[in-house]
Amino acid sequence: METIQLTLTAESPLAIGRQKPGGAISEAQDYIPGSVIRGAIAGLILSQAQANPHAPLEGDFAALFTAAQPAVFTNAYPGSQSKVLPATALSSKNDPGFKDSGKDKTGIFDTLIDRFCSHKLGIPFDPTEPDGSGGRVEPYRGFYQPKGSQYEMASTGKRLLTRVGINRRRATAADQILYSLEVMNEGQPRKEQPIRATTFNGKIYLRDAKLAETLTRYIQANAHLLRLGGSVSRGLGRVRIEAKPQSSTPSSLPQRLTTFNKKLQERWQAWQIFASAKLPSDRQYFAIGLQSGAILRDNWQRTTVLSPAMLQEETGIEDGSLCLELAFSSYDYVSGWNAAWGLFKDVDLVTSPGSVFLFSTTQLDRWIPALTDLEQIGVGERTSEGFGQVEVCSEFHLHFWENAV
Amino acid sequence: MIRLAELPLQGRTTASVSLTATLSSALSVGSGGSSGSLADKPIVKDAFGRLLIPGSQLKGRLRHECEKLARGLGWAICQSPDPNLMCPKREGIPGRFEREEYRVAGYEGSHCWVCQIFGNPTLPSRLWVDDLVCDLSPEGYEEALRPGVTLNRRRQTAEDQRLYFIETSPATALKFTGSLHLLPDCPSWGKALILAALHHIHALGGSKSAGLGWLTWDPQSLVPLQPTEQDWAQLGQGGWV
Ligand SMILES: [Zn+2]
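Treat the numbers as computed from the prediction; the structure is a model and nothing was measured.

A separate point is the overall build of chain A. Scanning chain A from terminus to terminus reveals seven helices and 23 strands. Expressed as a percentage of the 405 residues in chain A, the buried residues total 52%. Within chain A, contacts between residues separated by at least 24 positions form 72% of all contacts whose residues are at least 6 apart in sequence. Just so you have it, chain A exposes about 19,000 Å², and 49% of that area is on carbon and sulfur atoms.

Turning next to the coordination of the zinc ion. All names here are of chain B. Taken together, Cys78 (SG), Cys87 (SG), Cys112 (SG) and Cys115 (SG) make up the protein donors of the zinc ion, found 2.3 Å from the metal. Every donor counted, the four donor atoms about the zinc ion form angles of 100 to 116° at the centre, which fits tetrahedral coordination. The sequence pattern formed by the donor residues of the zinc ion is C-x8-C-x24-C-x2-C. Here Cys78, found in the loop between helix 1 (55-72) and strand 3 (103-104), pairs with Cys115, found in helix 2 (residues 113-118); they are 37 residues apart in sequence, far enough to count as distant. Looking at Cys115, the relative accessible area reads 0%, which means it is buried.

Residues and elements named next belong to chain B. Of all residues in chain B, 74% have pLDDT values of 70 or greater, and the mean over the chain is 81. A low-confidence stretch, residues 31-39 (pLDDT under 50), is modelled with 13 contacts involving residues beyond four sequence positions or located in other chains. Two numbers describe this predicted complex: its pTM, 0.89, and its ipTM, 0.82.

Here helix 1 of chain B is 18 residues long and its end C-alpha atoms lie 25 Å apart, about the 26 Å a rise of 1.5 Å per residue gives. Directly after helix 1 of chain B, the chain includes Gly74 of chain B, whose backbone phi takes a positive value near 90°.

Moving on, we get to the environment of Leu121 of chain A. All names here are of chain A. Residue placement: Leu121 occurs in helix 3 (residues 112-121). Here the alpha-carbon distance between Leu121 and Phe274, two residues 153 residues apart in the chain, equals 8.5 Å. Setting aside its immediate chain neighbours within four residues, Leu121 contacts Trp268, Trp271, Gln272, Ala275 and Ala277.

Attention now goes to the pattern of salt bridges. All names here are of chain A. Evaluated as defined, the whole model comprises 27 salt bridges over all chains. Residue Glu138 pairs with Lys93 through a salt bridge whose shortest N-O separation is 3.5 Å. Of this pair, Glu138 sits in strand 7 (residues 137-139) while Lys93 sits in the loop between strand 5 (89-92) and strand 6 (108-110), and the two are 45 residues apart along the sequence. Given the relative accessible area of 34%, Glu138 is considered partly exposed. With its nearest N and O atoms 2.9 Å apart, the salt bridge here joins Glu186 to Arg159. In this pair, Glu186 sits in the loop between strand 11 (172-184) and strand 12 (187-190) while Arg159 sits in strand 10 (residues 158-167), placing the two residues 27 residues apart along the sequence. The network of salt bridges with common partners includes Glu11, Arg240 and Glu242.

Attention now moves to the interface of chain B and chain A. Interface size, as often reported, equals the accessible area lost upon joining of the parts. Across the contact, 37 residues belong to chain B and 39 residues belong to chain A. Buried area between chain B and chain A, summed over both chains or domains, comes out near 3,300 Å², and the portion from carbon and sulfur atoms is 59%. If you sort the residues of chain B by the area they bury against chain A, Ile2, Leu4 and Trp128 of chain B come out on top, with a joint share of 22%. The interface formed by chain B and chain A includes two salt bridges. Put simply, Asp130 of chain B and Arg238 of chain A hold a salt bridge, and the shortest N to O gap is 3.7 Å. Here chain B and chain A share 11 residue pairs in polar contact (both at pLDDT 80 or more) between them. For the side of chain B that touches chain A, the secondary-structure elements that each account for two or more residues are helix 1 and strand 5 (127-129) of chain B. If you tally residues by element for the side of chain B that touches chain A, the top one is helix 1 of chain B, at six residues.

A word on the pairing of strand 1 (residues 2-10) of chain A. Residues and elements named next belong to chain A. Of all nine residues in strand 1, seven are buried, a share of seventy percent or more. Across eight bridges, strand 1 lies against strand 14 (residues 199-206) in antiparallel orientation. By the bridge assignment, Ile4 is partnered in strand 14 with Ile204.

What follows is about helix 6 (residues 308-315) of chain A. Because an α-helix packs 3.6 residues into every turn, residues spaced three or four apart end up facing the same way. Listing the buried residues of helix 6 of chain A in full gives Pro308, Met310, Leu311, Gln312 and Thr315 of chain A. Contact partners of the buried residues in helix 6 of chain A: strand 16 (284-290), strand 17 (296-298), strand 18 (301-303), strand 19 (323-328), strand 22 (356-361) and helix 7 (364-377) of chain A.

Turning our eyes to something else, we now look at the sheet that holds strand 5 of chain A. Residue and element names in this part refer to chain A. The strand order across the open sheet built from three strands is 6-5-7, with neighbouring strands paired in antiparallel fashion. The open sheet is flanked by strand 6 and strand 7, the only strands paired with a single partner. Averaged over all pairs of adjacent strands, the angle between their axes in this sheet comes to 35°, without regard to strand direction. The sheet contact formed by strand 5 and strand 6 spans three bridges and is antiparallel.

Moving on, we get to the confidence of the model for chain A. Reading fine detail from the predicted coordinates is not recommended where pLDDT is low. Residue-level pLDDT values for chain A average 89, and 89% of them are 70 or greater. Low pLDDT, under 50, characterises residues 168-176 of chain A; the stretch is placed with 14 contacts to residues that sit more than four places away or in other chains.

All names here are of chain A. Reading across from one edge, 4-8-9 is the order of the three strands in this open sheet, with antiparallel pairing throughout. Only two strands of the sheet have a single neighbouring strand rather than two, namely strand 4 (83-84) and strand 9 (150-154). Here strand 8 (residues 143-147) pairs with strand 9 via five bridges, running antiparallel. The residue of strand 9 that forms the bridge with Pro146 is Tyr151.

What counts, and at which threshold
- Residues numbered from 1 in each chain as written.
- Chains lettered and ligands numbered in written order.
- Predicted model: local features only at pLDDT ≥ 70, side-chain atom pairs only at ≥ 80, totals over all residues.
- Heavy atoms only, no water.
- Helix = DSSP H or I, 4+ residues; strand = E, 2+ residues; numbered from the N terminus.
- Buried < 20%, exposed > 50% of the residue type's maximum accessible area, 1.4 Å probe, protein only.
- Contact = heavy atoms within 4.5 Å.
- Areas by Shrake-Rupley, 256 points an atom, 1.4 Å probe, with all protein chains shown as cover.
- Donors = N, O, S within 2.8 Å, 3.2 Å for Na, K, Ca; no water.
- Tetrahedral: all angles 85-135°; square planar, octahedral: opposite > 155°, others 65-115°.
- pLDDT = per-residue confidence, 0-100.
- Expected span 1.5 Å × (residues − 1).
- Salt bridge = Lys/Arg side-chain N within 4 Å of Asp/Glu carboxyl O.
- Buried area = accessible area lost by both parts, 1.4 Å probe.
- Polar contact = N/O pair within 3.5 Å; in protein donor to acceptor, adjacent residues only side chain to side chain.
- Pairing = 2+ DSSP bridges.
- Axes fitted to C-alpha atoms, helices over the stretch in contact; angles between N-to-C directions.

Below you can see the structure in the form of structure tokens.
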């Protein structure tokens, strides 16, 4: 699999809206959806190609967008290497956040492995603040990125743009067409430092190395013509896009699996203070965390849980020993953005980013190649638009209560 | 067959025109309702604190001027921005809209010449107007607050309760730059119309009559918009509504 790394720098406010049933129509998104990047690139190619709308689209366009295995455009998240915090991450209710971000903060920690142990041992698990004060904790959501040996949250500021419609006949402002629009800011103020341009990072995954090279060169040459989101003809949605091929380094997945299983065993031993029980010696574990919303369907029904049956079907691996040990998922509604029309697409039910599923199997080795692919292609439907991106055995699961970060 | 390496093909390029405007008076591009300023009509700035003239405002003015010009040449033109009075619906707008020149490949109905450049609820805009941004750093100037009063014209007196403040840029020759982009589908005669419209825009923003927002376009920046003889001829043939 080839990877193109995208760095997007906002040069004007971005009006990338999202719509929830019953919600305000102009609420701005927190990131740039893969569907928006994909739509903008497809639209630009079509506008330059003088394509007959009724002719079948062949060649590079088909290979990228309409083939059976099209290129995958991931969501672009704020920051440079940001990820989505798992749903099992908790932080203080009163003063949440990473330790580094404030003097009195007790940090963020993950509970996946502890929840697994308590569940298996039948002991209630009721975590509190890591400083031992007994303070209440709750799930902490958002994007995080490495900062030195620590982490920081990555987010974008938003503001409301007010636009005045003009009554052209009288050349005066017409009150009834005053409207406002929520946008992502093009700059981020920092403490005692100059304002920094807002950046986002995303990826394009595709199978054909030659096509990857062609697409990279195309984006580099035409990036100044891309606009993302709404109101692009009126000055919004300007971004600078840099595309560069990511050198193919061996996947860190086998290492992450080994570490995860080792830590899980250690943690299990620690829990033996409360109750004595053995883990099945032939079983190994892996966690699949959603890095973007996933559209999951089981027997034509929408679902928010990635079942062993679905995972086997997605990967083509038959494994009768596969077992779903725990699932932490919630759902959300999203709608797509049709760049060409500046309109919302239909609303879809999605399993929320951050959802985590813990599986066990007696045949872990067989799963390694499939899970490696899964981290690029994703699970569920509309993966080419960035839905269903996953991270297997996130290192964040290893930040336990007593070593909150 | 689409080959990325061969794009863009001849004549399918986006024409970008870098525009420069020099202010000859203070500017008041107000946006009622935004916070962070004492003024009732604060000046618009970007996230870096730089003064700007929003692309939406320049695009609106350009469209307005193009509509006047095209109507003057006898073309049937719809009435933006009310979607009910715009192509392709145009409820109750007189004019001969059913003609070959108003057809757009791939889109139903007829679209007047202004819609073919600026778009309508069904046809995407083929002109992009970026914000015009002033490169002067925010530390380099201080915006001014000007009091304004609404006059009651009948009684020729100021109405106390209508005293308001407008925020303006300093009255120095600030330079604003931005770009226009004519997309590959933008008709070639669009250049002629846009160039003529720019020549009719001598002020932007509010309170022109109070002497605010007067500007001149850098003639050099208009050079890429030079239309061909054929573009002028096509526009000039007129529609004779
Ligand atoms: Zn029209």
